[in-house]
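Here is how the chains run, residue by residue.
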Amino acid sequence: MWQFSALLFFLLPGCSTAQDPVTGPEEVSSQEQGSLIVQCQYASHWKDYRKYWCRGAEWSSCKILVETDASECLVKENRVSIRDDQRNFIFTVTMEDLRMSDAGIYWCGIVKSGYDPMFKVRVGIEPGCSTAQDLLTGPKEVSSQEQGSLTVRCQYGSWWKDYRKYWCRGAEWSSCKILVETDASECLVKKNRVSMRDNQTNFIFTVTMEDLRMSDAGIYWCGITKAGYDPMFKVHVSIDPGSSPWCCTIPEPTTSSPVDPQPSMTTIDTIPAPSPQPRSLLSSPYFCILLFLELPLFLCMLCAILWVNRPQTWSGRQGIWPYHESQ
């Protein structure tokens, strides 16, 4: 009977000898939106085995969240990463951007045939504000003039360095429309009148809006793309009406000189100006008509009248022309 109890002692997780078990902290805790680290120690003969981090009230049915590939390479899944230090026989689990729902029972485990060596860890999450380093921050309000430009700089925590950042518009963060988004690099990205660049050395991304219009006023958000809820910061943008040099400049009245050496052709063609000198009578068209048409007609009538009324020579008897006999 004692042999069966001893065998059971070796098979059950957490009940092996001091050389065999996986050990670690029984309980860890951190604040919401923060991060936590769990280090699990294992015996040297587990060096080349795969290690994992799983969640569940029972070790036999826990869900694996992240698992190594039996090397020392970092493996990351969503907000959880794991790395195996095979020289010191420790694997480290990191959980980021913690939420209240992350509280619960987790297990450090090693993959092997049969029952896996495992160690139970209770994770507690405390509600509260993160430190300034944890937050995505920026200006609460920016303003500029119509047809001008404005710049918004948003600061983020160093661990968000390799994540995509974006600028979106909308009254609610959950339904805002993304206007421009980086590709997780420092390259400038521009769409329409909005551009964006991520400075991964100073952990700041900069948004520039150009050719501003009155309709651009509203609520915008700095955001970081990640699994689950994105870190976001609300920015209120206001646009002041600006003065336009074309619509608001009143032209000064021009004073014409008494003598215009080069008169405009348009003025001469469209608005005939009276001649300053009196025109000659011979240049009048009415006088020409009178001279060349009516005057000859008048002369002809006068000649006809004179012809009819010319004096006539009569002989002794009326109506007979004088007769001359030949001598």
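The name given to the protein in an unreviewed UniProt entry is Cd300 molecule-like family member D, with the source organism recorded as Rattus norvegicus. Under the heading Subcellular location (unreviewed entry), UniProt records this for the protein: "Cell membrane". Heading Sequence similarities (unreviewed entry) of the UniProt record for the protein holds this comment: "Belongs to the CD300 family."

Asks: Explain the environment of Tyr 229 to me, please; I cannot follow it from the model alone.
Replies: Position of Tyr 229 among the secondary structure elements: in the loop between strand S17 (218-224) and strand S18 (232-240). For Tyr 229, a relative accessible area of 57% corresponds to the exposed category. Setting aside residues up to four positions removed in sequence, Tyr 229 forms contacts with Asp 97, Arg 99 and Trp 173.

Asks: For this particular structure, what's the right way to read the pairing of strand S11 (residues 150-155)?
Replies: Residues in a regular strand project their side chains so that they alternate between the two faces of the sheet. Side chains Leu 150, Val 152 and Cys 154 project from S11 onto a buried face, and the interleaved Thr 151, Arg 153 and Gln 155 project onto a face without burial. Here six bridges tie S11 to strand S16 (residues 204-209), and the two strands are oriented antiparallel to one another. What sits directly across from Val 152, in S16, is Val 207.

Asks: Sorry if this is basic, but what is going on with the sheet that holds strand S8 (residues 104-110) here?
Replies: Read across the sheet, five strands follow the order S1-S9-S8-S3-S4 without closing on themselves; strand pairing throughout is mixed. The open sheet is flanked by strand S1 (27-31) and strand S4 (63-67), the only strands paired with a single partner. Here the strands of the sheet are splayed against their neighbours by 30° on average, with no regard to which way each runs. By the bridge criterion, five bridges tie S1 to strand S9 (residues 118-126) in an arrangement that is parallel. Across the sheet, the residue bridging to Gln 31 is Glu 126, located in S9.

Asks: Would you mind going over the sheet that holds S16 with me for this structure?
Replies: Across a sheet, strands are paired by hydrogen bonds formed along the backbone, either parallel or antiparallel in direction. The four strands are arranged S11-S16-S15-S14 in an open sheet whose pairing can be described as antiparallel. Looking at the sheet topology across the chains shown, the edges are occupied by S11 and strand S14 (189-191). Strand-to-strand twist across the sheet, computed as the mean angle between neighbouring axes with direction ignored, equals 15°. Sheet topology places strand S15 (residues 194-199) next to S16; six bridges connect them, and they run antiparallel. Residue Asp 198 lies in a different strand from S16, and its bridge partner there is Phe 205.

Asks: Got a minute to help me understand the side chain of Gln 200 in this structure?
Replies: In this structure, Gln 200 sits in the loop between S15 and S16. Taking the relative accessible area as the measure of exposure, Gln 200 reaches 11% and is therefore buried. One polar contact links the side chain of Gln 200 to the main-chain carbonyl oxygen of Ala 184, over a distance of 3.0 Å. If near-sequence neighbours (up to four positions away) are discounted, Gln 200 is found in contact with Tyr 156, Lys 161, Asp 162, Ala 184, Ser 185 and Glu 186.

Asks: Quick question: what am I supposed to make of the layout of surface pockets here?
Replies: The probe, sized like a water molecule, is rolled over the atoms to show the empty space still left. Size it by volume and the largest pocket reaches roughly 400 Å³. Lining the largest pocket are 17 residues; nearest its centre among them are Gln 33, Asp 97, Asp 230, Pro 231 and Met 232. When grouped by side-chain class, the residues that make up the lining of the largest pocket number 10 nonpolar, one polar and six charged.

Parameters at a glance
Every chain is numbered independently, its residues counted from 1 as its sequence is written. For this predicted model, a pLDDT threshold of at least 70 governs which residues receive local features, and a threshold of 80 or more governs which side-chain atom pairs are given and counted, while totals over whole chains, interfaces and linings are taken from all residues. By convention in this description, side-chain values take in all heavy atoms of the structure and omit both hydrogens and water. UniProt positions are given in the numbering used here, feature names are shortened, and annotations may be inferred rather than shown by experiment. Numbering goes from the N terminus for both helices and strands, where a helix is a DSSP run of H or I of at least four residues and a strand is a run of E of at least two. Working definition: with a 1.4 Å probe on protein chains only, accessible area under 20% of the residue-type maximum means buried, over 50% means exposed, and in between means partly exposed. We call two residues contacting when some pair of their heavy atoms lies within 4.5 Å. For two strands to be treated as a pair, DSSP must find no fewer than two bridges joining them. Working convention: axes come from line fits to C-alpha atoms, limited for helices to the stretch in contact. Angles between N-to-C directions cover 0 to 180 degrees. Polar contact is the term for a pair of N or O atoms within 3.5 Å; when the atoms are in protein, one must be able to donate a hydrogen and the other to accept it, and sequence-neighboring residues count only if both atoms are side-chain atoms. The method works on a 1 Å grid over the protein atoms by themselves. A cavity is a set of points holding a 1.4 Å probe that cannot get out, a pocket is an open set with protein on both sides within 12 Å along at least five of seven lines, and residues with an atom within 4 Å of a point line them. Grid points are joined across faces, edges and corners, and a volume is the space filled by probe spheres set on the points. Residue type decides the class: Asp, Glu, Lys and Arg count as charged, Ala, Val, Leu, Ile, Met, Phe, Trp, Tyr, Cys and Pro as nonpolar, and the leftover types, Gly among them, as polar.

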